[in-house]
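# Structural characterization, general
One letter stands for each residue in the lines below.
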Amino acid sequence: IEEKAEFNILGMTCAACATRIEKGLNKQEGVTDATVNLALESATVEYNPSQISKNDMIKLVEKLGYQAILKE
Ligand code: 9UX
């Protein structure tokens, strides 16, 4: 069963930043589709919650050097 999570992403300064995060998320087991929007400073992720958590995604984004904040 798929779920969708939305995050605000802080720290992106060029288009390649968005691509880096998008690729990083899409590589994770359990992520079916991740889209990062530079202009909106946001990410939308469709995922299988039995394989990956929102916190895992936040940790990955931090590892890449940005900050992710879950949207309510
Ligand atoms: Mo652009 Mo982002 O040169 O980490 S890739 S600033």
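Residues numbered from 1 in each chain as written. Predicted model: local features only at pLDDT ≥ 70, side-chain atom pairs only at ≥ 80, totals over all residues.

The chain carries the name Copper-exporting P-type ATPase in an unreviewed UniProt entry, which gives Metabacillus niabensis as its organism.

What follows deals with the overall build of the chain. Tallying secondary structure elements over the chain gives two helices and four strands in all. Counted from the first residue to the last, the chain has its helices and strands arranged as β-α-β-β-α-β. Taken over C-alpha atoms, the radius of gyration comes to 11 Å for the chain, in line with the 11 Å a tight globule of 72 residues would show. Along the three orthogonal principal directions, the C-alpha set of the chain runs to about 35 × 25 × 15 Å. Burial analysis of the chain (72 residues in total) assigns 24% to the buried set. Partitioning the contacts of the chain with sequence separation of at least 6, the portion at a separation of at least 24 is 59%. (Helix = DSSP H or I, 4+ residues; strand = E, 2+ residues; numbered from the N terminus. Rg over C-alpha atoms; globule rule 2.2 N^0.38 Å. Buried ≥ 20, exposed ≤ 12 C-beta atoms within 10 Å, placed from the backbone. Contact = placed C-beta atoms within 7 Å.)

Let us now look at helix α1 (residues 15-26). Over its 12 residues, α1 runs 17 Å from end to end, which matches the ideal 16 Å to within 8%, given 1.5 Å per residue. Among all positions of α1, only A18, I21 and L25 are buried. Seen along its axis, α1 keeps its buried residues to an arc of 65 degrees; they face one direction. Exposed positions of α1 whose direction lies more than 90 degrees from the buried face are A15, A16 and K23. Its buried side turned inward, α1 meets β1 (3-10), β2 (31-37), β3 (42-47) and α2 (54-63). (Expected span 1.5 Å × (residues − 1). Arc of directions from axis to C-beta.)

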